[in-house]
Amino acid sequence: MNIILIGFMGCGKSSLGIRLAKKLGYEFCDTDQMIEKESEKTIRTIFENEGEEYFRNLETSTISNLIGNMNNSVLSVGGGLPIRKGNGDLLKQLGHVIYLKTSKETILKRLSGDKTRPLLSGDNKEEKVEDLLNLREPIYEMAANDIVITDNKSFDDMISDIIKLVNIPE
Ligand code: S3P
């Protein structure tokens, strides 16, 4: 049994994932952290030096390598990973996919001052979030087995929503 968390940057995949894994006694892993550890570079440096396409290839090979090698884990994946064709199917093979759906307003609040996301750097952050969110929301919805709304919800509420959806006794 694995739980896969997908959603836009700043939706809380990692902070929730760590707490959910702890509650279930599962391992927690995160594709961005795995990529940074493996390449010994930050995501920002990979984007700057090798470009986005190279990073997307790393994301796809990271989840491909997890198939058959991950159990009783919560996996959080980078916000753009489900967008690439084929990755949605790989995620469903890995486990029960939950989309953490978050409004633009909450995302902007959570990411104010953030310098780690290359796709949102520079001016017009609001416009960038809006455009990407419009493009990605339908894809997240298709890639997910279930959707959990995160706006104004506590971690405990979201954890019990997820536990009910994936049918694990609390
Ligand atoms: C990205 C999201 C980031 C990271 C990279 C690209 C995206 O992960 O993978 O900056 O395309 O949405 P988080 O969703 O964990 O911020």
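Up top is the structure.
So, here is what we can say about the structure in this document. Remember, it's a predicted structure, so these values are computed and weren't measured experimentally.

1. Let's talk about the nonpolar core
Core analysis: the biggest nonpolar cluster contains 26 residues, and Ile4, Ile6, Phe8, Leu75, Leu91 and Leu94 have the highest contact counts within it. At the level of elements, β1 (2-6), α4 (52-66), α5 (87-94), β4 (96-101), α6 (104-110) and α7 (125-143) are the ones that each hand at least two residues to this core. The element best represented in this core is α7, accounting for five residues. Leu20, Met158, Ile162 and Ile168 belong to the second-largest nonpolar core, a separate cluster that totals 18 residues.

2. Details of the layout of surface pockets
Where empty space is left becomes clear once a probe the size of a water molecule has been rolled over the atoms. By volume, the largest pocket is sized at about 560 Å³. Lining the largest pocket are 28 residues, with Met9, Asp32, Gly78, Thr116 and Arg117 sitting closest to its centre. When residues of the lining of the largest pocket are traced back to their parent elements, those giving at least two are α1 (13-24), α2 (31-39), α3 (43-50) and α4. In terms of residue class, the lining of the largest pocket is built from eight nonpolar, 11 polar and nine charged. For the second largest pocket, the calculated volume is near 280 Å³. Lining the second largest pocket are Gln33, Met34, Ile35, Lys37, Glu38, Ser39, Leu58, Ser61, Thr62, Asn65 and Leu66. When contributions to the lining of the second largest pocket are tallied by element, the ones reaching two or more residues are α2 and α4. For the lining of the second largest pocket, the leading source of residues is α2, giving six residues.

3. Topic: the pattern of salt bridges
The final tally for this structure, using the stated rule, is 10 salt bridges. Of the charged contacts, one joins Arg44 and Glu48 as a salt bridge, the two residues approaching to 3.5 Å between their closest N and O atoms. Placement of the pair is Arg44 and Glu48 together in helix α3, with a separation of four residues, close to one helical turn. Residue classification places Arg44 among the partly exposed residues on the basis of a relative accessible area of 29%.

4. As for the site of the ligand
As a structural note, the neighbourhood of the ligand is formed by 14 residues, with Lys13, Asp32, Arg56, Arg117 and Arg136 the closest of them. Within the side chain of Arg117, a nitrogen or oxygen atom sits 2.7 Å from an oxygen atom of the ligand. Taking Arg136, its side chain carries an N or O atom lying 2.6 Å from an oxygen atom of the ligand. For the ligand, whose unbound accessible area comes to 380 Å², protein coverage reaches 95%. Spatially, the ligand is embedded in the largest pocket. No other element matches α4, which puts three residues into the shell around the ligand. Of the residues contributing to the shell around the ligand, the split by class is five nonpolar, three polar and six charged.

The rules we used
Residues numbered from 1 in each chain as written. Predicted model: local features only at pLDDT ≥ 70, side-chain atom pairs only at ≥ 80, totals over all residues. Heavy atoms only, no water. Core = buried A, V, L, I, M, F, W, Y, C linked by side-chain atoms within 4.5 Å. Buried < 20%, exposed > 50% of the residue type's maximum accessible area, 1.4 Å probe, protein only. Helix = DSSP H or I, 4+ residues; strand = E, 2+ residues; numbered from the N terminus. 1 Å grid on protein atoms, 1.4 Å probe; cavity = no way out; pocket = protein on both sides within 12 Å on 5 of 7 lines; lining within 4 Å. Points joined across faces, edges and corners; volume = space filled by probe spheres on them. Nonpolar A, V, L, I, M, F, W, Y, C, P; charged D, E, K, R; others polar. Salt bridge = Lys/Arg side-chain N within 4 Å of Asp/Glu carboxyl O. Near = heavy atom within 4 Å. Polar contact = N/O pair within 3.5 Å; in protein donor to acceptor, adjacent residues only side chain to side chain. Areas by Shrake-Rupley, 256 points an atom, 1.4 Å probe, with all protein chains shown as cover. Sits in = over half its atoms within 2 Å of the grid points.

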